[in-house]
Amino acid sequence: MKPFLFVTDLDNTLVGDDPALKTLNQHLAKHRQEYGTKIVYATGRSLYLYRLLAKAKLLLSPDALITSVGTEMYFDSNKEVCDPEWEKILSQGWNREEIVSIASKFEDLQFQPDSEQNPFKISYYLAQSVSEKVINKLRTALYDRGYQVKLIYSGGQDLDLLPPNGDKGLAVQFLRDRWNIAACDTVTCGDSGNDVALFIGEEKGIIVGNAKPELSQWYRENKHESLYFAKAACAGGILEGLKYFNFV
Ligand code: GLC
Ligand code: MG
């Protein structure tokens, strides 16, 4: 056994089956203590919503916390200080005000609550029935004005607009560089659209059995050796994948 970098989404991936979470936590806590394995959460939630979840569920304290779909990174989740180097990277090619003003022309987009907006993330609700059409038009409108904004649709309801340099996967690469951890010693886990970015690098990837249609569809079109689609849901699926890849 050797240390690895464990990265997981929270809602419907790590969290969703309490007994399975308890078992997985025992494995991870032991691995961290014995081998120095690092535990990182990469969630769509803001720090505010993360803290609510951490109060309600038994979560191990992470070695780093990536919130807001990769647009905020914390090395101490008790302090509200985002990593400044990461913020500098995110600011390239991004102009929040202008992007909001372009998106405001689209009536189908409804702003999410203030807590879910931040300097590098603009989030809306968007109905599934019109999502494809609206996303394509919005992408064109943004590109026409010179913005290569990332448009990430998750769970058939959430649309996040992110800087070209920001998403969960790029945040993990930044962490790997900082901690000097190879892709082959890294495993990422997820269930929905905003987790796709976790699966396009060289890292090992675990898609939980309860994955949302947008991620299952992506998997069918992008299967490769370092991706494992678990049978079990949530934390049970993660443990299944960790065993499959011989991490535990
Ligand atoms: C979380 C966030 C929300 C985001 C969604 C999908 O639910 O709170 O802002 O749109 O994840 O990424
Ligand atoms: Mg999720």
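Residues numbered from 1 in each chain as written. Chains lettered and ligands numbered in written order. Predicted model: local features only at pLDDT ≥ 70, side-chain atom pairs only at ≥ 80, totals over all residues. Heavy atoms only, no water.

Before going further, it helps to examine the sheet that holds strand E6 (residues 122–125). Here we have 4 strands laid out as an open sheet, ordered E5-E6-E8-E7, and antiparallel in their pairing. A strand with exactly one partner marks an edge of an open sheet, and here the two such strands are strand E5 (110–111) and strand E7 (150–154). In terms of strand pairing, E6 meets strand E8 (residues 158–162) through 4 bridges, oriented antiparallel. Each residue of the ladder has a partner; that of Tyr124, found in E8, is Leu159. (Pairing = 2+ DSSP bridges. Helix = DSSP H or I, 4+ residues; strand = E, 2+ residues; numbered from the N terminus.)

One pair of aromatic rings is described through two measures. These are the centre distance and the angle between the planes. Under the counting rule described, the total for this entry stands at 11 aromatic pairs. Ring centres of Phe4 and Phe247 lie 4.7 Å apart, and the angle between their planes is 40 degrees; on these two criteria the pair is classed as tilted. Of this pair, Phe4 sits in the segment before strand E1 (5–8) while Phe247 sits in the segment after helix H8 (234–244), and the two are 243 residues apart along the sequence. Exposure remark for Phe4: the relative accessible area of 2% places this residue in the buried category. Residues Phe245 and Phe247 carry aromatic rings whose centres are separated by 6.4 Å and whose planes lie at 65 degrees to one another, so their mutual orientation is edge-to-face. We note that Phe245, like Phe247, is buried. Over the face of the ring belonging to Trp179 we find Lys38, whose NZ or CZ atom lies 4.7 Å from the ring centre. (Phe/Tyr/Trp six-rings, centres within 6.5 Å; stacked < 30°, edge-to-face > 60°. Buried < 20%, exposed > 50% of the residue type's maximum accessible area, 1.4 Å probe, protein only. Lys NZ or Arg CZ within 6 Å of the ring centre and 35° of its normal.)

Protein-derived ligands of the magnesium ion (ligand 2) are Asp9 (OD), Asp11 (O) and Asp191 (OD), with the metal-ligand distances lying across 2.1 to 2.3 Å. For Asp11, a relative accessible area of 28% corresponds to the partly exposed category. Overall, the relative accessible area of 2% leaves Asp191 in the buried class. (Donors = N, O, S within 2.8 Å, 3.2 Å for Na, K, Ca; no water.)

As a further point, take the site of ligand 1. Taken together, Gly44, Arg45, Leu49, Val69, Gln112, Glu116, Lys121, Ser123, Ser154, Asp158, Asp160 and Asn194 make up the full set of residues adjacent to ligand 1. Here Glu116 contributes a side-chain N or O atom positioned 2.6 Å from an oxygen atom of ligand 1. One of the side-chain nitrogen or oxygen atoms of Asp160 is found 2.5 Å away from an oxygen atom of ligand 1. Bound to the protein, ligand 1 loses 84% of the 310 Å² it would expose on its own. Taken together, the residues of the shell around ligand 1 sort by class into 2 nonpolar, 5 polar and 5 charged. Each of domain 1 (5–88 + 166–244) and domain 2 (94–162) gives at least three residues to the shell around ligand 1. (Near = heavy atom within 4 Å. Polar contact = N/O pair within 3.5 Å; in protein donor to acceptor, adjacent residues only side chain to side chain. Areas by Shrake-Rupley, 256 points an atom, 1.4 Å probe, with all protein chains shown as cover. Nonpolar A, V, L, I, M, F, W, Y, C, P; charged D, E, K, R; others polar. Domains from an automatic or database assignment.)

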